[in-house]
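# Coordinate inspection notes
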Amino acid sequence: MTRSAVLVVAFTLSMGGAELATASQSPESAIVAAVKRALSGQSDLRRLAVSADGSEVTLTGKVPTLWLKLDAVKRTLKVDGVKSIRSNIELSKAESDTNLAAALGRAIDGYTYYTVFDYIDAIIKNGVVTLTGFGTPDRNKPEEIGDTVAKVRGVQEIRNQIVMLPTSKGDDDIRASLYSRITSSEHFENVPIDRRPPFHIVVDRGSVTLYGWVQGEVEYRELESIARFTSGVLRVTNNLKTFTKARR
């Protein structure tokens, strides 16, 4: 046998061995390998342990935020062959609900599309956050704010009850009129209406609800008056609070 013939035989045997190794890989092993590849796209998820029992995948480990935990689940569910997930992923905990509330306030205020015509509130208990309020329909604000909150360290679970307001030209016209009248008022000329406003105005099918804070009784009555005498407004509910009363 010539040297070239020996090399051909050796190469053929080597290829056969590789095919045999691939063929002998269990379906669970293939799924685990695929899930690990899917998780590797996010550095914080690479340390998670992955196991499979049939089509069920178990994820185990610790990540800093709820958003990363949810991302791990989403990435895993996209893998072919995965039918269900058992999550044993632990999350970092906040020192207290009070500290978590402060962090959530900063996160929600920092949401780029949070305007004077949206209103978001949160109830926190043992790291479980219940989001309530209303968002204008120009984008999916309930989902986006939920994602924003999920990225805050210490959040263990989110119950998202934010309502997306209906699309309405009449309500849009009311918002435009309110904005024009408020920004033209001498009582609100120094109030940051466009970025982190101290008060919020929810317009829903012609009904206006006022939330948040104003400086004093004069501003309280002025904002309510502007709302009541704006064309298209059917009713006004005033839930405003004043800084002057809070200081007493």
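In what follows, the accompanying structure is described. For every chain, the first residue of the written sequence is number 1, and numbering continues from 1 onward in sequence order. For a predicted model such as this one, the threshold for reporting local features is a pLDDT of at least 70, and the threshold for listing and counting side-chain atom pairs is 80 or more; totals across whole chains, interfaces and linings nevertheless cover every residue. Values shown for side chains rest on all heavy atoms present in the structure; no hydrogens or waters enter the calculation.

## Examining helix 3 (residues 66–77)
The secondary structure listing takes helices from DSSP runs of H or I that are at least 4 residues long and strands from runs of E that are at least 2 residues long, numbered from the N terminus. To estimate the expected span of a helix, count its residues, drop one, and scale the result by 1.5 Å. For helix 3, with twelve residues, the first-to-last C-alpha span of 17 Å sits near the 16 Å given by 1.5 Å per residue. Relative accessibility decides the category of a residue: with a 1.4 Å probe and only protein chains considered, values under 20% of the type maximum give buried, values over 50% give exposed, and everything between is partly exposed. Taken as a whole, helix 3 has its buried residues at L66, L68, D71, A72 and T76. Two residues qualify as a contact provided that any one of their heavy atoms is within 4.5 Å of a heavy atom in the partner residue. Tucked into the core, helix 3 has its buried residues touching helix 2 (27–39), strand 2 (56–63), strand 3 (84–91), helix 5 (141–150) and strand 6 (157–160).

## Notes on the sheet that holds strand 1 (residues 49–53)
Strand pairing follows a simple DSSP-based rule, namely that at least 2 bridges must link the two strands. Ordered in space as 1-2-3, the three strands form an open sheet in which the pairing is mixed. Bordering the open sheet on either side are strand 1 and strand 3, each of which pairs with just one other strand. Each adjacent strand pair in this sheet contributes to an overall mean axis angle of 15°, direction not counted. Here strand 2 pairs with strand 3 via eight bridges, running parallel. Residue pairing in the sheet places T60 in a bridge with N88 of strand 3. Here, axes are lines fitted to C-alpha atoms. For helices the fit covers the stretch in contact, and angles between N-to-C directions go from 0 to 180 degrees. With respect to the sheet, helix 2 is in contact with strand 1 and strand 2, its orientation differing from that of strand 1 by roughly 145°. Strands strand 2 and strand 3 of the sheet are contacted by helix 3, whose axis makes an angle of about 160° with strand 3.

Purely geometric stuff here, so don't read any function into it on its own.
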